[in-house]
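Fold and geometry: a report
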Amino acid sequence: MKRKIINILMSLVLVASFFVVEHDPIIVANEKFKGKESEYLVKCAQRLNATQAAECAEFKTYYQSLGKAILTGSSDLKKEVESLKSNIEQLLVKSEQLTKEIESLKNQQVTINNNLKVTENNIKAIQNDIADLKLKIEKRKEDIKKRMRDSQLDVNGDRKFAFVLDASDFDDLLRRISVLEQIARYDEERILLLRQDQEKLLDEERELNRQKEELISQKNEVIEKEKQIAVLKDANQVLVNQYRTKQNEIEAKIREAESNYATIMANASKINTTATPESINQISDSNKTISGFGPVMRGSWYRSAGTWYYPASFGGGVHLGLDMAGREGVGQQLLAPANSIVLMTKSGCPDYGSLGNRCGAPISSAGNWVALMTELKGTTYVFLYFHLANRGITTKDFVAKGEVIGLQGSSGSSTGPHLHLEIIKVGDFPIQQGYQMFKDRGYDPALKAGWGLQTRCEVKSPPCRLRPESFYSS
Ligand SMILES: [Zn+2]
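Values in this document were obtained by computation on a predicted structure and should not be read as measured data.

Turning our eyes to something else, we now look at the domain arrangement of the protein chain. For the protein chain, the domain assignment lists domain 1 (1-133 + 207-273) and domain 2 (280-470). For domain 1 and domain 2, the distance between their C-alpha centroids amounts to 54 Å. Contacts between the two partners involve 5 residues from domain 1 and, on the opposite side, 6 residues from domain 2. Summing both partners gives a buried area of about 380 Å² for domain 1 against domain 2, and 36% of it is carried by carbon and sulfur. When the area that domain 1 buries against domain 2 is broken down by residue, the three leading residues are Arg-47, Ser-269 and Asn-272, summing to 85%. At the boundary of domain 1 and domain 2, one finds 0 salt bridges.

Let's shift gears to the coordination of the zinc ion. At this site the zinc ion is bound by His-319 (NE2), Asp-323 (OD) and His-420 (ND1), with donor distances of 2.0 to 2.2 Å. Expressed as a motif, the donor residue spacing for the zinc ion is H-x3-D-x96-H. With a gap of 101 residues between them, His-319 in strand β3 (residues 318-319) and His-420 in strand β11 (residues 419-427) connect regions that are remote in the sequence. On the basis of relative accessibility, which here comes to 1%, the residue His-319 falls in the buried class.

Before going further, it helps to examine the state of the cysteines. A complete count under the given rule lists 3 disulfides for this structure. The disulfide bridge from Cys-44 ends at Cys-56, spanning 2.0 Å between sulfur atoms. Because the sign of the S-S torsion sets the handedness, a value of about -85° for the bond joining Cys-44 and Cys-56 places this disulfide among the left-handed ones. With a gap of 12 residues between them, Cys-44 in the loop between α3 (37-43) and α4 (50-156) and Cys-56 in helix α4 connect regions that are remote in the sequence. On the basis of relative accessibility, which here comes to 0%, the residue Cys-44 falls in the buried class. Between Cys-457 and Cys-464 runs a disulfide, and the two sulfur atoms are separated by 1.9 Å. Residues Cys-457 and Cys-464 are joined by a disulfide whose S-S torsion is about 95°; by sign, that bridge is right-handed. Cys-457 sits in the partly exposed class, given a relative accessible area of 23%.

Positionally, Gln-408 belongs in the loop between β10 (404-407) and β11. On the basis of relative accessible area, Gln-408 is assigned to the buried category, the value being 0%. A distance of 2.7 Å separates a polar atom in the side chain of Gln-408 from the backbone oxygen of Gly-329.

Calculation rules
Residues numbered from 1 in each chain as written. Predicted model: local features only at pLDDT ≥ 70, side-chain atom pairs only at ≥ 80, totals over all residues. Heavy atoms only, no water. Domains from an automatic or database assignment. Contact = heavy atoms within 4.5 Å. Buried area = accessible area lost by both parts, 1.4 Å probe. Salt bridge = Lys/Arg side-chain N within 4 Å of Asp/Glu carboxyl O. Donors = N, O, S within 2.8 Å, 3.2 Å for Na, K, Ca; no water. Helix = DSSP H or I, 4+ residues; strand = E, 2+ residues; numbered from the N terminus. Buried < 20%, exposed > 50% of the residue type's maximum accessible area, 1.4 Å probe, protein only. Disulfide = S-S within 2.5 Å. Polar contact = N/O pair within 3.5 Å; in protein donor to acceptor, adjacent residues only side chain to side chain.

Pasting the structure below:
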């Protein structure tokens, strides 16, 4: 267990030194504390003389500055996280754009493929047309050949000759020859037209093939572009992952820093900075320099019941103290209001009692309790703290202002964690005399002031009861 604490302290020192800003004057001025934090935390938790108290006050300032440095470092880290988050955000937007681009490129590919199919079908159709034309041309050529063969035959078999010779007169002869020429010319023209058609179709086919090539090249371009964008998108994602990893690392550091800060602040609150008196005379002397009582409870609290009468919701009845419910519950620290003598303490009652629980003798029902005697401006007082937790009750004879004298509990006749505080005015004389009265009155922590309403200072001379509200309000 002890080992673990040392480890925690060591790591705190390391973390603290990590966040230390070099130009911080407090830290430069306190080189002597550096690396000795755990040593001083132990030292300053003990009874201090005036010199030690001054040194511990110095140490406390230094130690709290470590906490502040951690906070500063942590807020820098938070800024870094914010910037990472915004980078990630931007990258994600970019990723979305790239995804959309890829989708659009895929759509383009579908369109191009459709166009390709149409073009290929057109090419096929044209090729068919061309084939048809070729056949027609071939056929026409065959016809001509056949006719030429026939006319050849005619010549050989005198049929053309006969056709010509059959002419009735010269005019008729000329006409008949011209008919033969016209037939030949007609055939030539037909072939020429068919060839022109064929040329036109071949042109179209070339054009379609050119379009097809273009579509294929477009398609390849689009595929290439898609690949490039996919690479970009992957790179983007890698960056996002890297940023996220970094963000997690920094957030872990922030959590660590926050926990270290909380530890440092908790430790700092336990550093004593006032000298504990070693004699009644010292109490009397040192309290002359203070202007008023310090808090009797560290941290926040609210008044759950006031002095003299319990509220009706509590059933009414006489109430001789102020009930201060500390918001931290059992364990909240109770403090000495000034340098004081610890008159008496009572422990051994369970932390949680109940209504009507009698534990606390010789103050029945008070649970665990502490009685302090102190002096302020020539008047001696007794502070009674009731219903404390069973642990943490001071074992000292003298305590310093602000020193922890016990912890809030709910022992004795109590229904929830609170401090029941009573303040007894012992008399307008110094504490030495007050302490003598305590002894003379049989070591009664209430100085035989009694326990009824008639013990109020308003109706009775000291020792008598004051309203703690006149010193403490939440
Ligand atoms: Zn009470």
